[in-house]
Amino acid sequence: MGKIIAVVNQKGGVGKTTTAVNLTAALHDLGLKVLMCDYDPQANATSGLGVDKRKIKYSSYDVTINEIPARDAIVQTEYGDVLPSSADLAGAAVELIGTDHREQQLGKALQDLKGEYDVIFVDCPPSLELLTLNALCAADGILVPVQCEYYALEGLSDLMSTLRTVKRRLNPRLDIFGVALTMFDGRTNFSTQVAQEVRRHFPGKVFSTVVPRNVRLAEAPSHGIPVTAYDRSSRGAQAYRAMAEELKAKL
């Protein structure tokens, strides 16, 4: 039975989608069967894995709102399978308000797929609202990207509070699967200090691998491919391959 891992941080610009996309591709390269469920209306994870969101038949919106079987919405790519998102998902939270068990809709949709994949990543929107709550209720654990910058820990207390509430009331199996340090700048003492502080806050949960600031990581999405395909020799690609090895060992 595979694991569902929600990639979540309510702060934007922390490398959340970059981490989700490149771990999907790196684990796929390691021989695992991986599904990326894009649950962000911006659909950046969808395009980052080479799926044209203008040509999809169904999306995670249809799976959540219209009860389309998740299997029917999956698009296969050379980097792993994708359950794509679309702009329609932006209105899903409002449409779910009157639904019974509205926070469980994604979990119901993904349950039948757990036996078919080693890992199902859910790329969440950068906020703590109903879509993210659905992802937390569906997940076995969360992966939290944290950028090595000044405001790294800002807002994480809110995320941890939400995590504890969901674990207590809705999903007792939910836990922190891992914390990924991103945008690390080895030229500055400050990045090192932030990394140390994050490790102190999350003992035993932070991946040993840190993801550096890297031009290739920034360029790859514009080509619609993960960095592991765009430039395999880049420091960004090497970091995500190493992190994928760590993650695989924890499954």
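Right, let's walk through the structure included here. (Residues numbered from 1 in each chain as written. Predicted model: local features only at pLDDT ≥ 70, side-chain atom pairs only at ≥ 80, totals over all residues. Heavy atoms only, no water.)

1. What to know about the overall build of the protein chain
Consideration 1: Assigned secondary structure in the protein chain consists of 12 helices and 8 strands.
Consideration 2: Taking 18 Å as the expected radius of gyration for a compact globule of 251 residues, we find that the protein chain reaches 17 Å, a close match to that expectation.
Consideration 3: Over its C-alpha atoms, taken along the principal directions, the protein chain stretches across nearly 50 × 40 × 30 Å.
Consideration 4: Out of the 251 residues belonging to the protein chain, those deemed buried represent 55%. (Helix = DSSP H or I, 4+ residues; strand = E, 2+ residues; numbered from the N terminus. Rg over C-alpha atoms; globule rule 2.2 N^0.38 Å. Buried < 20%, exposed > 50% of the residue type's maximum accessible area, 1.4 Å probe, protein only.)

2. A few points about the side chain of Gln147
Consideration 1: As for its position among the elements, Gln147 is in strand E6 (residues 141–147).
Consideration 2: Each residue touching Gln147, except ones within four places of it in the same chain, is listed here: Lys11, Val14, Ala152, Thr182, Met183 and Val194. (Contact = heavy atoms within 4.5 Å.)

3. Regarding the sheet that holds strand E8 (residues 206–212)
Consideration 1: Overall, mixed pairing links the 8 strands, which are arranged E3-E4-E2-E5-E1-E6-E7-E8 in an open sheet. This sheet does not close on itself; its edge strands, each paired only once, are strand E3 (75–77) and E8. The mean angle between the axes of side-by-side strands here comes to 25°, regardless of whether they run parallel or antiparallel.
Consideration 2: Here E6 runs beside strand E7 (residues 176–184); their pairing, made up of 6 bridges, is parallel. Following the sheet pairing, Val144 is matched in E7 by Val179. (Pairing = 2+ DSSP bridges. Axes fitted to C-alpha atoms, helices over the stretch in contact; angles between N-to-C directions.)

4. A look at a nonpolar patch on the surface
Consideration 1: Side chains of Tyr150, Tyr151 and Phe190 sit close together on the surface and give an oily, nonpolar patch of about 370 Å² of accessible area.
Consideration 2: Relative to the helices and strands, Phe190 resides in helix H9 (residues 189–201). (Patch = residues over 30% accessible without salt bridge, like charges linked within 9 Å, V, L, I, M, F, W, Y side chains within 5 Å. Areas by Shrake-Rupley, 256 points an atom, 1.4 Å probe, with all protein chains shown as cover. Salt bridge = Lys/Arg side-chain N within 4 Å of Asp/Glu carboxyl O.)

5. A short note on the nonpolar core
Consideration 1: The biggest cluster of nonpolar side chains holds 48 residues, and the ones touching the most others in it are Val122 and Ile142.
Consideration 2: With residues near it in sequence (within four places) discarded, Ile142 still touches Ile5, Ala6, Val8, Leu136, Met160, Leu163, Leu174, Asp175, Ile176, Phe177 and Gly178.
Consideration 3: In terms of nonpolar packing, the next biggest core, distinct from the first, is built from 33 residues, Ala25, Leu143, Phe177 and Ala237 among them. (Core = buried A, V, L, I, M, F, W, Y, C linked by side-chain atoms within 4.5 Å.)

6. Things to note about the pairing of E8
Consideration 1: Most of E8 is tucked away: 5 of the 7 residues are buried.
Consideration 2: Where E7 lies against E8, 3 bridges are found, and the strand directions are parallel. From the neighbouring strand, Phe184 faces E8, where its bridge partner is Pro212.

7. Thoughts on the packing of aromatic side chains
Within a pair of aromatic rings, the relevant descriptors are the distance that separates the centres and the angle that separates the planes.
Consideration 1: Summed over the entire model, instances satisfying the criterion amount to 2 aromatic pairs.
Consideration 2: Ring centres of Tyr150 and Phe190 lie 6.2 Å apart, and the angle between their planes is 25°; on these two criteria the pair is classed as stacked. With Tyr150 in the loop between E6 and helix H8 (156–169) and Phe190 in helix H9, this pair connects stretches of sequence that are 40 residues apart.
Consideration 3: Assessed through its relative accessible area of 61%, Tyr150 is described here as exposed.
Consideration 4: Residue classification places Phe190 among the partly exposed residues on the basis of a relative accessible area of 36%.
Consideration 5: Ring pairing ties together the aromatic residues Tyr150, Tyr151 and Phe190, which thus form one cluster.
Consideration 6: Across from the ring centre of Phe207, 5.1 Å away, lies the NZ or CZ of Lys250, which sits over that ring. (Phe/Tyr/Trp six-rings, centres within 6.5 Å; stacked < 30°, edge-to-face > 60°. Lys NZ or Arg CZ within 6 Å of the ring centre and 35° of its normal.)

8. A short note on unusual backbone geometry
Consideration 1: Even without a glycine there, the phi angle at Glu67 is positive, about 60°.
Consideration 2: By the element assignment, Glu67 lies in the loop between helix H3 (60–65) and helix H4 (70–73).
Consideration 3: Taking the relative accessible area as the measure of exposure, Glu67 reaches 64% and is therefore exposed.
Consideration 4: Its identity as a non-glycine residue notwithstanding, Met183 has a phi of 55°, on the positive side.

9. Re the state of the cysteines
Consideration 1: Enumeration according to the criterion identifies 0 disulfides in this entry.
Consideration 2: Unpaired in this structure, Cys37 has its nearest cysteine sulfur neighbour in Cys124, at a distance of 8.6 Å. (Disulfide = S-S within 2.5 Å.)

10. So, the pairing of strand E4 (residues 80–83)
Consideration 1: Two strands pair when backbone bridges link them, and strand E2 (residues 34–38) and E4 are joined in this way by 3 bridges, in the parallel orientation. Bridged to Met36 within E4 is Val82.
Consideration 2: Alignment of E3 against E4, held across 3 bridges, turns out to be antiparallel. Following the sheet pairing, Thr77 is matched in E4 by Gly80.
Consideration 3: Count of turn residues in the E3/E4 antiparallel hairpin: 2 residues.

11. Concerning the side chain of Lys16
Consideration 1: Mapped onto the secondary structure, Lys16 falls in helix H1 (residues 16–29).
Consideration 2: Only 2.4 Å separates the side chain of Lys16 from the backbone oxygen of Cys124, close enough to count as a polar contact.
Consideration 3: Residues within four places of Lys16 in sequence aside, it is in contact with Val7, Val8, Asn9, Asp40, Asp123, Cys124, Pro125, Pro126 and Pro145. (Polar contact = N/O pair within 3.5 Å; in protein donor to acceptor, adjacent residues only side chain to side chain.)

Honestly, that's just the spatial picture; any functional story needs more than this.
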